[in-house]
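# Survey of secondary and tertiary structure
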Amino acid sequence: MAMGKVRYWAAAKEAAGVAEESFHAATLGELMTQITENRPELARVVTRSSFLIDGSPVGKRPHDEVILGDGATVEVLPPFAGG
């Protein structure tokens, strides 16, 4: 199980109530389950968000197949408006 930090941006930050927090999770799917437990607004935002792990986009890969390395930084990026 990896240890790292998750950073929230824009609406995800507002829904989480923090800019970042540490985690212990083996996969992105496990992390998403952990961070959305008892946080329904964050769960709603996360379903529309994209993710970066150490700066690399996750894309459409299934979250349960995305392995997190020790010291990873996961960024939650909700859709942004504007241009």
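Whatever comes next refers back to the structure up there.
## A word on the sheet that holds strand 4 (residues 56-57)
Judged by pairing direction, the sheet is mixed, and its 5 strands sit side by side in the order 2-1-5-3-4 without closing on themselves. With one partner strand each, in any of the chains shown, strand 2 (20-25) and strand 4 form the two edges of the open sheet. Relative to strand 2, strand 1 (residues 2-8) runs antiparallel, the two sharing 6 bridges. Bridge pairing in strand 2 places M3 opposite H24.

## Focus on the packing of helix 2 (residues 28-36) against helix 3 (residues 40-47)
Close contact between helix 2 and helix 3 brings their axes to 8 Å; oriented N to C, the two are set at 145 degrees. On the side of helix 2, the interface is formed by M32, I35 and T36, while helix 3 contributes P40, L42, A43 and V46. In terms of residue class, the contact of helix 2 with helix 3 is made up of 6 nonpolar, 1 polar and no charged.

## Overview of helix 2
Buried within helix 2 are the following residues: L28, G29, L31, M32, I35 and T36. Projection of helix 2 onto a plane perpendicular to its axis shows the buried side chains occupying an angular sector of 160 degrees, all on one side. Taken together, the buried residues of helix 2 touch strand 1, strand 2, helix 3, strand 3 (50-53) and strand 5 (72-77). Just beyond helix 2, the residue with positive phi is N38, at close to 60 degrees.

## So, the environment of K13
Within the secondary structure layout, K13 lies in helix 1 (residues 11-16). Among the residues examined, K13 registers a relative accessible area of 42% and is labelled partly exposed. Separated by 32 residues in sequence, K13 and V45 place their C-alpha atoms 9.7 Å apart. Apart from the residues within four sequence positions on either side, K13 is in contact with Y8, V18 and A19.

## A short note on the environment of F80
Here F80 is to be found in the segment after strand 5. Accessibility expressed as a relative area gives 56% for F80, which makes it exposed. Expressed as a C-alpha distance, the spacing of F80 and F23, which sit 57 residues apart in the sequence, is 25 Å. Apart from the residues within four sequence positions on either side, F80 is in contact with W9 and A10.

## A word on the pattern of salt bridges
Taken as a whole, this structure holds 3 salt bridges when the rule is applied. One salt bridge connects E20 with R7, and the closest N-O pair in it is separated by 3.4 Å. Of this pair, E20 sits in strand 2 while R7 sits in strand 1, placing them 13 residues apart in sequence. With a shortest N-O distance of 2.3 Å, E41 and R44 are connected by a salt bridge. Taken as a pair, E41 and R44 lie in helix 3 at a separation of 3 residues, close to a single helical turn. We classify R44 as partly exposed; its relative accessible area is 41%.

Rules used in this analysis
- Residues numbered from 1 in each chain as written.
- Predicted model: local features only at pLDDT ≥ 70, side-chain atom pairs only at ≥ 80, totals over all residues.
- Heavy atoms only, no water.
- Pairing = 2+ DSSP bridges.
- Helix = DSSP H or I, 4+ residues; strand = E, 2+ residues; numbered from the N terminus.
- Axes fitted to C-alpha atoms, helices over the stretch in contact; angles between N-to-C directions.
- Contact = heavy atoms within 4.5 Å.
- Nonpolar A, V, L, I, M, F, W, Y, C, P; charged D, E, K, R; others polar.
- Buried < 20%, exposed > 50% of the residue type's maximum accessible area, 1.4 Å probe, protein only.
- Arc of directions from axis to C-beta.
- Salt bridge = Lys/Arg side-chain N within 4 Å of Asp/Glu carboxyl O.

Taken by themselves, the reported measurements are silent on function.
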